[in-house]
Amino acid sequence: MDWAMVIAALGVGVVVGLTGMGGGALMTPVLVLGFGVPPLTAVSSDLITSAAMKPAGSLVHARKGTVHWKLVIWLMIGSVPTAFCGALIISAVGEMTGVQEFVKTALGVVLLVAAMLLGFRAFIGMRNRARERHDGTHTKRSETADIKVKILPTLLIGIVGGLMVGLTSVGSGSFIIIALMLLYPLLSMNRLVGTDLVQAVPLVIAAAIGHLLFGDVDWSIVIPLIIGSVPGAIIGARLSSTLPSGIVRRALALVLLAAGLRMLQVDLPWTIAAVSLAFVAATLGWMGLRRVHGLPATFTKERQASDRRNP
């Protein structure tokens, strides 16, 4: 038993429990960069782990009624076949050229996209808070609103998200939930997360089956990942009400940026420089964006101002 891998999986699980994101986006690069696991083996093994871990969270949301089932169905129609096809594509590429390099490059690109999407998700949340404050409302999202499903865009989200997961194991918790936020702005955050978790179960299972048949699953890696990640996700979920998940998401975005650049074989000094520059630029830019939208420069000041208004 590789206990270092168990501990790493525990940490990834905590992040997933805190933010609902970062499973494949963190686990796969940790395996490749931290443990020297071949990229295809890392993707295949991570998908099997996700297939074991995803149902628990989805059952909780299903019991609470925070799932939009029509959205789940249309997302599944798009994502399940393409997730399976992702493994077929990798198998075909493997017969023609170096599959490991293909997977590593694809993973690097998707990690960079995921880092940008995390920042975009934070911007959407900040913009919504600013509008709510300006309009004097608590939220414009609804737990009970009858959201009309936009079939074609929802199918496209499923198709793209499924293919991303099948190729790289990344996308079910990053691309899909952010796309749903943009497409269905009135859907509450609880229902967004619940819907994304439930649709991710068949998506990840389809991708896992494809990788069992055509990928490179290593059970000596899968077992430590499951042992660490499942309790980590539970711990993270329990901590989510007490720790500032926004800070965790920003740190996660920087980690994904660094991992993506390293996957694309950018030298370490340049990677460090890029991440440092991104941190400074994002911090200053974020403060400026908050001021433009009529909010204090930092969330701490916003919370202090709120406390003064509501003693």
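See the structure printed just above.
Quantities reported herein were computed from a predicted structural model and do not represent experimental measurements.

Colleague: How should the overall build of the protein chain be read in this particular structure?
Modeller: Across its full length, the protein chain carries 12 helices and 0 strands. Secondary structure of the protein chain in N-to-C order comes out as α-α-α-α-α-α-α-α-α-α-α-α. Long-range pairs, those at least 24 residues apart, make up 82% of the contacts in the protein chain between residues at least 6 apart in sequence.

Colleague: What exactly am I supposed to notice about the environment of P153 here?
Modeller: With respect to the element layout, P153 can be found in helix α6 (residues 151–168). Classification of P153 as partly exposed rests on a relative accessible area of 33%. With 27 residues separating them in the primary sequence, P153 and L180 have C-alpha atoms 9.6 Å apart.

Colleague: Which parts of the structure should I look at to understand the packing of α6 against helix α7 (residues 175–183)?
Modeller: A packed helix pair is summarised by two numbers, namely the angle formed by the two axes and the spacing between the axes. At a minimum axis distance of 9 Å, the contact between α6 and α7 shows a crossing angle of 165°. As summarised for this structure, α6 and α7 are arranged roughly antiparallel, according to the angle between their axes. Where α6 crosses over α7, the two elements pack in a sense that is right-handed. Note on element contacts: α7 touches α6 through F175, I176, A179, L180 and L183, opposite P153, T154, I157, V160, G161 and M164.

Colleague: Got a minute to help me understand the packing of aromatic side chains in this structure?
Modeller: Aromatic ring pairs are defined here through the distance separating the ring centres and the angle between the ring planes. What the rule picks out here adds up to 1 aromatic pair. The interplanar angle of 75° and the centroid separation of 6.1 Å between the aromatic rings of F84 and F214 together place this pair among those described as edge-to-face. Taken as a pair, F84 in helix α4 (residues 69–96) and F214 in helix α8 (residues 189–214) lie far apart in primary sequence, 130 residues in all. For F214, a relative accessible area of 33% puts it in the partly exposed group. The ring of Y184 is capped by K150, whose NZ or CZ atom sits 5.9 Å from the centre of that ring.

Colleague: Mind showing me how you'd approach unusual backbone geometry here?
Modeller: Most peptide bonds adopt trans geometry, and most residues besides glycine take a negative phi value. Despite not being glycine, Q265 has its phi angle at roughly 65°, a positive value. Among the secondary structure elements, Q265 is positioned in the loop between α10 (245–263) and α11 (268–292). Relative accessible area serves as the criterion here: at 53%, Q265 is assigned to the exposed category.

Colleague: Mind showing me how you'd approach α7 here?
Modeller: Side chains that are three or four residues apart share a direction in an α-helix, a result of its 3.6 residues per turn. The element α7 is extensively covered by neighbouring structure, given that 8 of its 9 residues are classed as buried. Buried residues of α7: F175, I176, I177, I178, A179, L180, M181 and L183, and no others.

Colleague: Would you take a moment to explain the environment of V193 for this structure?
Modeller: Examined against the element boundaries, V193 turns out to sit in helix α8. Each C-alpha atom, one on V193 and one on M181, is 9.9 Å from the other, the two residues being 12 residues apart in sequence. Residues contacting V193, with those up to four places away along its chain left out, are H61 and I177.

What counts and what doesn't
- Residue indices begin from 1 for each chain and proceed along its sequence in written order.
- Residues qualify for local features only when their pLDDT is at least 70, as the model is predicted, and side-chain atom pairs are given and counted only at 80 or more; totals for whole chains, interfaces and linings, by contrast, use all residues.
- To obtain the side-chain values, all non-hydrogen atoms of the structure were included, while hydrogens and water were left out.
- Secondary structure counts use DSSP, requiring at least four H or I residues in a row for a helix and at least two E residues in a row for a strand, with both numbered from the N terminus.
- Note on contacts: a residue pair is in contact if any heavy atoms of the two residues lie within 4.5 Å.
- Working definition: with a 1.4 Å probe on protein chains only, accessible area under 20% of the residue-type maximum means buried, over 50% means exposed, and in between means partly exposed.
- Here an angle of 0 to 180 degrees is reported between the N-to-C directions of two axes, which are lines fitted to C-alpha atoms, with helices fitted over the stretch in contact.
- Roughly parallel means an angle under 35 degrees; roughly antiparallel means over 145; roughly perpendicular covers 65 to 115; every other angle is labelled oblique.
- Left-handed describes a crossing whose near helix is turned anticlockwise from the far helix by less than a right angle; the clockwise case is right-handed.
- Think of it this way: a Phe, Tyr or Trp ring, Trp meaning its six-membered ring, pairs with another when their centres are within 6.5 Å, and the plane angle makes it stacked under 30 degrees, edge-to-face over 60, tilted otherwise.
- A ring has a charge above it when a Lys NZ or an Arg CZ is no more than 6 Å from the ring centre and no more than 35 degrees off the ring normal.

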